Each structure stands twice: as structure tokens, then as C-alpha cells.
Amino acid sequence: MGIFDFFKKKDNRQENVSAPVQQQEMPEEKIVEEKIEEVVEVIQDPVLETPVPPQPMEEKKVNELYEKIKIYSDYIVYSIALQLRGDFAPISAFEKEDGQVEGFAYMITDPTYGLSPQVVLSNMKEKFENELKEGKIKSYAILYHSQFNNDGNHALAVNPEDLKAITVSYHFNDGEQNNIALPYAFENENVTFKGFAEFSHEENNEIMNNQLVDGKDYFTNREEIKSPESTNEAGIIMKKSNVHSLANMWGGIFGFQNFQTQEKYSQYLMETMALCRVDEIPAEEKAKHTEFADIRFKTIISEDFNTIYPEVKTNFSLDFETKEIREWENVDNNEAIVGGLGRDTFGLWFFPTDYSENKTQYQTQNKLNINLSGIIFVLDLHQSFDLPDGTKTDEEFTAYKPSQDLPDYGCIDFIGKVLDIKESELLPDGSVKGFILKLRLITNTEVEDFFTVDAFVSKENMRFAALRLGMQVAGAMQLQGKIAE
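Each value, and the rule that gives it
Counting restarts for each chain: residues are numbered from 1 in the order of the written sequence. With the structure being a predicted model, the display of local features is reserved for residues of pLDDT at least 70 and the display and counting of side-chain atom pairs for 80 or more, all residues being used for whole-chain, interface and lining totals. Excluded from the side-chain calculations are hydrogens and water; all other atoms, namely the structure's heavy atoms, are used. The numbering of helices and of strands both runs from the N terminus, where a helix is a DSSP run of H or I of at least 4 residues and a strand a run of E of at least 2. Exposure classes here rest on a 1.4 Å probe applied to the protein chains alone. A residue is buried below 20% of its type maximum, exposed above 50%, and partly exposed in between. Contact definition: two residues touch when any of their heavy atoms are within 4.5 Å. Here, the term nonpolar core denotes a set of buried Ala, Val, Leu, Ile, Met, Phe, Trp, Tyr and Cys residues that are joined through side-chain atoms within 4.5 Å. Take the residue count of a helix, subtract one, and multiply by 1.5 Å to get its expected span. The reported arc concerns the directions from the helix axis to the C-beta atoms and nothing else. Definition used for salt bridges: Asp or Glu carboxyl oxygen within 4 Å of a side-chain nitrogen of Lys or Arg.

**Focus: the environment of leucine 479**
Considering the arrangement of structural elements, one finds leucine 479 in strand β21 (residues 472–483). Residue classification places leucine 479 among the buried positions, given a relative accessible area of 0%. Sequence-wise, leucine 479 and leucine 372 are 107 residues apart; in three dimensions their C-alpha atoms are separated by 7.1 Å. In this view, leucine 479 contacts Trp349, Phe350, Phe351, Ser373, Gly374, Gly410, Ile412 and Val453; residues no more than four positions away in its chain are not counted.

**What to know about the nonpolar core**
Buried together is how nonpolar side chains tend to be arranged in soluble globular proteins. Leu379, Phe414, Leu439 and Phe451 are the most contacted members of the largest nonpolar core, which has 40 residues in total. Not counting residues up to four positions away in its chain, the partners in contact with phenylalanine 451 are Phe316, Leu318, Phe346, Leu348, Leu372, Tyr400, Leu439, Arg440, Leu441 and Ile442. Within the second largest apolar cluster, 36 residues are counted, among which are Ala81, Phe172, Phe199 and Ile207.

**Structural notes on helix α7 (residues 263–277)**
Between its first and last C-alpha atoms α7 spans 22 Å; for 15 residues at 1.5 Å apiece the expected length is 21 Å, and the two agree. Within the sequence span of α7, burial applies to Tyr265, Tyr268, Leu269, Thr272, Met273, Leu275 and Cys276. Down the axis of α7, the buried set is contained in an arc of 160°. They therefore lie on one face. Of the exposed residues in α7, those oriented more than 90 degrees away from the buried face are Glu263, Lys264 and Met270. Tucked into the core, α7 has its buried residues touching α5 (247–254), α6 (256–261), α8 (283–290), β11 (295–301), β12 (306–312) and β19 (432–442).

**As for the environment of aspartate 429**
When you line up the elements, aspartate 429 lands in the loop between β18 (411–426) and β19. With 140 residues separating them along the chain, aspartate 429 and histidine 289 place their C-alpha atoms 9.9 Å apart.

**Points about the pattern of salt bridges**
The final tally for this structure, using the stated rule, is 26 salt bridges. As a salt-bridge pair, lysine 433 and glutamate 425 come within 3.0 Å of each other at their nearest N and O atoms. Residue lysine 433 is classed as partly exposed on the basis of its relative accessible area, which comes to 37%. Connected through salt bridges with shared partners, the residues Glu291, Arg296, Glu311, Lys313 and Lys482 form a single ionic network.

Listed below in C-alpha cells is the structure:
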């Protein structure tokens, strides 16, 4: 991931930009200056017989704030360029004692762990304020997207609907400290920048027409963001992540296209959660909305944590040795991905649907018996291929590896053999349809069910129509598990 990937807003509406000045292009090799000749016209007074001599031109007033802020023009333009790529990351820059300006940013090296924009702003401000007091720098500027709407509100914009401006929060060693903002508005596929109110049209032009140099590193100062990690008394590595969600799991249940385009499915989940919160509603009534033949919509309701998971029912279990737990900080450590060894042989990761209630057991007991199942995100026919040693894969070939697209969710890419097929329906009206497939993922001549899983696949996520016993299929799957009773 790049420096700013954690903060990216995945929205295509920021593709074009317009402003009351020249349209900003992406970085180019050279800075181009345009010289404009000013023409002054002398107008005669029609009442007088002789021309009135031209009056001396008024001396142009110096905008002291502009003179200070313009040293950060590159970073204002850089923030705009990031926005046009859908990246709303806070960035910063500082002025050294020799007058040189350098950029500072946080580097994300672990794709599962980042800092929230609120924490980034707080950390940057604390860092630069300390350096300013110590005389290490002359000034600094932090640029972030705010709720500013010509109303003095420079609060951080967290939600898409709050995005109104790029705020420049600055502090100079002469004591001047404040915020100014570059407002913008979304109009269809365009972004219109309205200019800093404190600057003239010409001054705004000078900033906005500033060209970034292709290939230049504008952030020579970086700080790496690392996931907190420790080893507990049971010898289990405990790591933190904070960027995960359950959206892919529900896409696997309802079909990704359906879940993204039809609000009725997310509405169903919200209404089911609300239903399960009401103590007066009988359990059998709640079960009509959560318990289906092959899948349970498991709800967790408490004062501190509420959620709903899809849980594929299964009798398959295997002996598992926990090596690592990656807890999700963004849900108060109530969800996680667990990694280790199955049958003392093969490695795997899975999402434990019982982590919230069995957290202590997961963290203190290395050896567990786990019911393992799966939710298939995409299913296709397997096409035979040659292995690196020249061996051709036959109809008994099976394999899996960590998913390339979702490597930190307990997901796998697999080639499996279909051992059983069962049609399955979800929701009270049976409108969500799919199959429960018993898939062999590791072929072992001595143990038939060495590694097989019961996995649900929505018909919407299948790339072919006809399933049959014994066929080889390929795809991507979310592994999930719970401690066997």
C-alpha cells in the first residue's frame, strides 16, 4: 500500500476539477510561468481642453498572510491532486531554519493497520508544535479535508457528505496561528474549487497554477505506522488490525451485485438487529428471521457491542493449534482472524464467529477443536493446468492458498472437488438461493475428510450454471469457524 491508502475514499466522482483559475493538471516536468503585460489607458476629461496627466499608480499592498502561505503552494496543489485520485489523506509540510520546505506523511506498511484521520491530525500537530517550540522549524502547515462552508467550521470531514474544503492549519514562529480553507463543491463528475477568501484572484491563480514536478519526492520525511504486536503467556502472537469489515461476507451470502445495488438486504439486516434487541419478542419469532436450514444469522447484542454474522452450519471439525490472533481494533477487539495449524500439518486462517464470547479461550488455549466452514465469494469451473515440474493436474487435484485479493480476512483461493451438493434458501420468503457444497480442499489417500468444508455459494456468485458431483471447481472463499461443542 502507498502512504495514504488507508484514507482513500473509493468514489469516482472526483475525476474532474474546475476552478476560477486554470485547471490543475497532474505533475509535469517543468514549471511554466506565464507573463502578462498590463495595459494602462489614460482617459481625457471631455470638459477640459487639455488632457489630465496620468495619476501615479497606487502602490500594491502586500498581503502578508499570502506571502507566508505561498511557500506551501506545492502541498496545496498536491492535496488537490490526491483528491482527484480519490485520496482524502491529511498531509503536512514544514519550513526549516534555512527556509527550505519539506513534506511529512505517515507510511502504511501493513495493509491491515492504519491510523484514523483524527489521530493523524493530532499526532502531526503535537509533533510540529514541539519542534516549533524547540526552534527546529520556522513554521508548519497541515492540510486536511474539512466541513468548512464559509462558516468558520474547520472540523475534520469524516463522512463523505461533510466534505466541503481543504483546510490549511498553519503556525509560524512569529506567533501567527490560524486556519484558512479552500472551499470546493461537487457538481456531477466535477469538483469546483472556489479559492481562498483571504487571497485575491491573482494570488489564488498563482497557487493553483503551480505545477508539481514529475518524479519529485515531496515527502522526504515519513513515519512508519506499525501494527501493535506482542506474544502472550500462551505463546500466541497477538496483533492488531483496524481496517476490516463484514461487507464481503454479506456479499457472499446475498450476491455481491445484489448487496451493492439493492438496499433491501442491508435493510433486512438492520431490521433483524433491531428485532433481536427487543426482549419482549419471543425467541421463536426472532428465529424466523435468523435461523435457516443451513445458515444462521448470528446476532450479538450487548451494551458495548452489537453485530450480526452469517454462520454456515457444519459438523466438520479438525484439531487446530493457534499460532496468531489478529484482533480488530475498530470493533473494540470483539472480532478477529485466527491463524495456525490444522491437524499439525497445514496452515490456515479463519474468522471465528464465536470470538466475542470465547475470546479468553482462544487466547489461552493453543489446542482447540474447530468446526470449520466457508462462504464462497466466487465459484468457477477449474481449468486443468501443468504444475511447475511438468505434472498435469488430474481430476483428483485439490489445493488452496491465501487469497491474493483478501489476504488478511481468513480468505483462500482454492481448487476443490465437489463431494456433495444441497440446494439452500435464505430469508423467510426463501428469496435468496444458493447451494451448500461439501468441498475437498486437500486430497489425502489415507483420510478421506482430511480437509473438507461445507461452504455456501449464492447462485449470484457462480460463473457457471450446472453443478455435479465429482467436478473440480475453483474460486475464493471466506473460512469461518467456532470452537466445537
